[in-house]
Amino acid sequence: MTADRFSRRDFGRLAGFAGAAAVLTARPGTARATVRTGATLPAGGRDLWRVTGPMLRGLEDFDDTVRAFMQERSIPCGSLAVARGGRLLLARGYSWGARATRDTGPASLFRTASVSKPVTAAAVLRLIQDGRLRPSDRMTDLLKVGAPADPRLAEVTVARLLRHLGGWDREVSGDPMFEDAAIAKALGRPLPIGQDDIVRYVTARPLDHAPGTAFAYSNYGYLLLGRIIEKVTGRPYAAYVRDAVLAPLGITRMRLGRTLLPAAGEVPYYSQYKGTTVMDPSGAQVAAPYGTFNQENNAFNCGWLATAVDLVRLARVYDGVTPVLSAASVAQALAVPETGAARGRYYACGWHVRRTDRGPVTWHSGSLPGTHTLLVRRFDGLTWAVMFDQRDDPSGEPYRDIDTALHDTADDMPDWPSGDVTGTRL
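For every chain, the first residue of its written sequence is number 1, and the numbers climb from 1 along that sequence. Owing to the predicted nature of the model, reporting of local features is limited to residues with pLDDT of at least 70; listing and counting of side-chain atom pairs is limited to 80 or more, with chain, interface and lining totals taken over all residues. For the side-chain quantities, the full set of heavy atoms in the structure was used; hydrogens and water were omitted.

**Student:** If you had to explain the overall build of the chain to someone new, which residues and values would you point to?
**Tutor:** Looking only at helices and strands, one finds 14 helices and 14 strands in the chain. For every residue, the accessible area (1.4 Å probe, protein chains only) is compared with the maximum for its type, and the residue is labelled buried under 20%, exposed over 50%, or partly exposed between those bounds. The burial tally for the chain puts 58% of its 426 residues in the buried class. For the chain, the accessible area works out to roughly 16,700 Å², and carbon and sulfur atoms hold 50% of it. Segments assigned H or I by DSSP are reported as helices when at least four residues long, segments assigned E as strands when at least two residues long, and all are numbered from the N terminus. Using the Shrake-Rupley algorithm and a 1.4 Å probe, accessible areas are obtained, with residue cover drawn only from the displayed protein chains.

**Student:** Pulling in residues and values, what's your account of the side chain of Gln295?
**Tutor:** Mapped onto the elements, Gln295 comes out in the loop between strand E8 (285–287) and helix H11 (299–302). Every residue pair with non-hydrogen atoms within 4.5 Å of one another is taken to be in contact. In contact with Gln295, not counting residues within four places along its chain, are Arg111, Gly257, Arg258, Thr259, Cys302, Gly303 and Leu368.

**Student:** So what's going on with the packing of aromatic side chains? Which residues, and what values?
**Tutor:** Classification of ring pairs uses Phe, Tyr and Trp, with its six-membered ring standing for Trp, and accepts pairs whose centres are within 6.5 Å; under 30 degrees between planes counts as stacked, over 60 as edge-to-face, and the remaining range as tilted. Scanning all chains against the criterion turns up 12 aromatic pairs. Pairing Phe215 with Tyr347 gives two aromatic rings, centres 5.9 Å apart and planes at 25°, and the pair type is stacked. Taken together, the residues span a long stretch of sequence, with Phe215 in the loop between helix H8 (195–203) and helix H9 (219–233) and Tyr347 in strand E10 (residues 345–347) at a distance of 132 residues. Ring pairs connect the aromatic residues Phe69, Phe388 and Tyr399, which therefore count as one cluster. By definition here, charges over rings are those cases where NZ of Lys or CZ of Arg is within 6 Å of the ring centre and within 35 degrees of the ring normal. Sitting over the face of the ring of Phe69, Arg73 holds its NZ or CZ atom 3.8 Å from the ring centroid. When the ring centre of Tyr222 is taken as reference, the NZ or CZ atom of Lys117 above it lies at 5.9 Å.

**Student:** Explain the sheet that holds strand E5 (residues 110–111) to me, using residue names and the numbers behind them.
**Tutor:** Should DSSP find at least two bridges between two strands, the strands are regarded as paired. Spatial strand order, E5-E9-E6: 3 strands in an open sheet with antiparallel pairing. Pairing within the sheet leaves two strands with one partner each, and these edge strands are E5 and strand E6 (255–256). Two elements, E5 and strand E9 (residues 304–306), share 2 bridges in a ladder whose sense is antiparallel. Directly across from Phe110, in E9, lies its bridge partner Ala306. Convention adopted: a line fitted to C-alpha atoms gives each axis, helices being fitted over their contacting stretch, and angles between N-to-C directions are expressed from 0 to 180 degrees. Lying on the sheet, helix H10 (residues 237–246) is in contact with E6 and E9; it crosses E9 at an angle near 40°.

**Student:** Any chance you could break down the packing of helix H3 (residues 117–129) against H9 for me, citing the residues and the numbers?
**Tutor:** It is at 10 Å that the axes of H3 and H9 come closest, and there the two elements cross at 40°. By the angle between their directions, the pair H3 and H9 is classed as oblique. The interaxial crossing formed by H3 with H9 has left-handed handedness. Contact with H3, carried on its side by Lys117, Thr120, Ala121, Ala123, Val124 and Leu127, involves Asn219, Tyr222, Leu225, Gly226, Ile229, Val232 and Thr233 of H9 and no other residues of that element. Every angle not falling under 35 degrees, over 145, or within 65 to 115 is termed oblique; those three ranges are roughly parallel, roughly antiparallel and roughly perpendicular. Throughout, a crossing is termed right-handed when the near helix is turned clockwise from the far one, and left-handed when it is turned anticlockwise from it by less than a right angle.

**Student:** Which residues make up the environment of Val156, and what values go with them?
**Tutor:** One can find Val156 in the loop between helix H4 (139–142) and helix H5 (158–162). Residues Val156 and Gly167, 11 residues apart in the sequence, show an inter-C-alpha distance of 7.8 Å.

**Student:** Talk me through the pairing of strand E14 (residues 382–388); I want residue IDs and the actual numbers.
**Tutor:** The buried fraction of E14 amounts to 7 of the 7 residues, a majority that puts the element mostly inside the structure. Burial of E14 is two-sided: the residues Leu382, Trp384, Val386 and Phe388 facing one way and the residues Thr383, Ala385 and Met387 facing the other way are all buried. Judged from the 7 bridges that link them, strand E3 (residues 77–84) and E14 form a sheet pairing that is antiparallel. From the neighbouring strand, Ala83 faces E14, where its bridge partner is Thr383. Following strand E13 (residues 371–377), the chain reverses through 4 residues before pairing antiparallel with E14; Gly381 in that reversal takes a positive phi of roughly 85°.

**Student:** Describe the environment of Thr276, with residues and values.
**Tutor:** On the secondary structure map, Thr276 appears in strand E7 (residues 274–276). Remark: the alpha-carbon pair of Thr276 and Gly291, spanning 15 residues in sequence, is separated by 7.6 Å. Polar contact is defined as a pair of N or O atoms within 3.5 Å, subject to the rule that within protein one atom must be able to donate a hydrogen and the other to accept it, and that residues adjacent in sequence are counted only when both atoms are side-chain atoms. Within polar-contact distance, the side chain of Thr276 engages the side chain of Gln285 at 2.8 Å.

**Student:** So what about the nonpolar core? Which residues, and what values?
**Tutor:** A general feature of soluble globular proteins is that nonpolar side chains tend to end up buried together. Of all hydrophobic cores here, the largest spans 116 residues; its most connected members are Phe62 and Leu80. Here the element with the most residues in this core is H3; it accounts for 8 residues. Excluding anything up to four places from it in sequence, Leu80 contacts Phe62, Val66, Leu90, Ala91, Arg92, Tyr94, Ala308, Trp384, Ala385, Val386 and Leu406. Residue types Ala, Val, Leu, Ile, Met, Phe, Trp, Tyr and Cys, when buried and joined through side-chain atoms within 4.5 Å, form a set referred to as a nonpolar core.

**Student:** Can you lay out the pairing of E13 for me, pointing to particular residues and giving the numbers?
**Tutor:** When you tally the buried positions in E13, you get 7 out of 7 residues, the bulk of the element. Both faces of E13 are covered, namely the face carrying Thr371, Thr373, Leu375 and Arg377 and the face carrying His372, Leu374 and Val376. Linking two consecutive strands that pair antiparallel, namely strand E12 (residues 359–368) and E13, is a turn of 2 residues; a positive phi of about 90° is found at Gly370 within it. Across 6 bridges, E13 lies against E14 in antiparallel orientation. Looking at E14, one finds that Leu374 is bridged to Val386.

Put into structure tokens, the structure is as follows:
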């Protein structure tokens, strides 16, 4: 959650956008609308927005906010879903500019990046709810990780992994999920490395903190949680998540992504940067989204593909009203951790939490080369997910600003429409 707030009216002053807001009106069930912005597009770019998907009347400001944000940063593809009290109010896809070579719609798949963590957390919490796992279970009792360099590794529990209290700190020793070349060199093996190599490498290094004493965001901790799911269930991670978490919610499109092989309906990803591939030992320079990190190794912490609609449906699990998790399980999952809480903010099980006078806000963002995502649950029953196929551009503007912009848009709503677009073909 960003600390500084600015009005969505500031977005309306972006180049050429002020005249576009009144052009688009969409009725419930409308499949497509086109907006002529009049803005200066990249050389060879289109002068038309392509916006697809249903939206209840009265929510046009959400369209304006996302399109202004995308236009300022030259983002080719985006998607937004908004729900309130379990009713889907808006499910939109946005395409803009020369690079948007296909129409983006509500059914388009995006990499979720770290918004995968609430998925993994939900699967772990379901195992706890079913009595197959305990929060106090020690990681070293569940997994064979080899002889640890640090005896404190025995104090790493399932609960601490869920809350990023395992003792690994990427600000101190780096993030092993994205240090493939260094790990390959240390282990004396060629690229690509696998998850077993990462575990072997990290186990042979000391922890940065005693477990349970300091919050430090850890992608590696969620890799371990995914492996715990596989150990306890005897099934592949994705298969268990699909059956225990996704299927009861009617989510059928979500799947694990691949580094170099796009899924059907998956958007392309863009970055202004290139880097050295970690997918083979060639040393080739590749587009940052396609080989500078290993998506398969990061499956459990940031590997899912999803639509924005899938994510708002997934968030419903943490309302405690679905077959996946009971209200008691959710309350336990979102409780204040043993450490790491400050000024009403903390990381719970798979979610950032901020306590406000009006109630809690929970959220998770995700960021990878070519990807920026955000999933938000609010005290007033609102949930939204926004997804982009780019996280950097020459403007240098921060992508996290979409958080404040959407909160401002929601806060400015005079009233909310009744109805539900769930039945609309997405």
